[in-house]
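Descriptive structure summary
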Amino acid sequence: MELKSPEEEVVAALPEGMRPDSNLYGFPWELVICAAVVGFFAVLFFLWRSFRSVRSRLYVGREKKLALMLSGLIEEKSKLLEKFSLVQKEYEGYEVESSLKDASFEKEATEAQSLEFVEGSQISEATCEKLNRSNSEL
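How each quantity is defined
- Residues numbered from 1 in each chain as written.
- Predicted model: local features only at pLDDT ≥ 70, side-chain atom pairs only at ≥ 80, totals over all residues.
- Heavy atoms only, no water.
- Helix = DSSP H or I, 4+ residues; strand = E, 2+ residues; numbered from the N terminus.
- Buried < 20%, exposed > 50% of the residue type's maximum accessible area, 1.4 Å probe, protein only.
- Areas by Shrake-Rupley, 256 points an atom, 1.4 Å probe, with all protein chains shown as cover.
- Phe/Tyr/Trp six-rings, centres within 6.5 Å; stacked < 30°, edge-to-face > 60°.
- Patch = residues over 30% accessible without salt bridge, like charges linked within 9 Å, V, L, I, M, F, W, Y side chains within 5 Å.
- Salt bridge = Lys/Arg side-chain N within 4 Å of Asp/Glu carboxyl O.

Under an unreviewed UniProt entry, the name given to the chain is MIA SH3 domain ER export factor 2, and the source organism is Homo sapiens.

Now the structure itself:
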């Protein structure tokens, strides 16, 4: 019998699953593979979280730019609505004036039809001239 070193005797006393052979530093391959997979997923997780953090910061910057642009567009819209309301009020005033002119023109036309033109009369000639001037204005 050969003399074995104390290390070899301790290793021989270990059960088969714990004896070091071609394993990585004496650990079973299953444990090494599990640790590698867990480590790989941990690295992926940290990379994913850091990517999301950077992306959220980029979104914050983009969101600020969009907020400024949106506020500018809202101000422009309010200015345009104010101009539109002023033009609309002006147009309504113009409609009232034109309806009044139309009403006065119709009134003058009915007066002209109702009057009998008598030659030599100053009243009817003055009325006729007045009607002609109002027609030329329109």
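This part covers the overall build of the chain. Across its full length, the chain carries three helices and zero strands. Secondary structure elements of the chain occur, N-terminal to C-terminal, as α-α-α. The buried share of the chain, taken over its 138 residues, is 4%. Total accessible area on the chain is roughly 13000 Å²; 63% of this is exposed by carbon and sulfur atoms.

Next up on the list: the packing of aromatic side chains. As enumerated under the stated definition, the model contains three aromatic pairs in all. Ring centres of F45 and F46 lie 5.8 Å apart, and the angle between their planes is 65°; this geometry places the pair in the edge-to-face category. In this structure F46 comes out as exposed when scored by relative accessible area, which is 59%. Judged by centre distance (6.3 Å) and plane angle (45°), the rings of F45 and W48 are tilted. Highlighted residues: F45 and W48, both in helix α2 (residues 29-114), separated by three residues, approximately one helical turn. With relative accessibility at 44%, the residue W48 sits in the partly exposed group. A network of ring pairs unites the aromatic residues F45, F46 and W48 as a single cluster.

Residues W29, I33, V37, F40, F41, V43, L44 and L47 make up a contiguous nonpolar surface patch of about 800 Å² in total accessible area. Note that W29 resides in helix α2.

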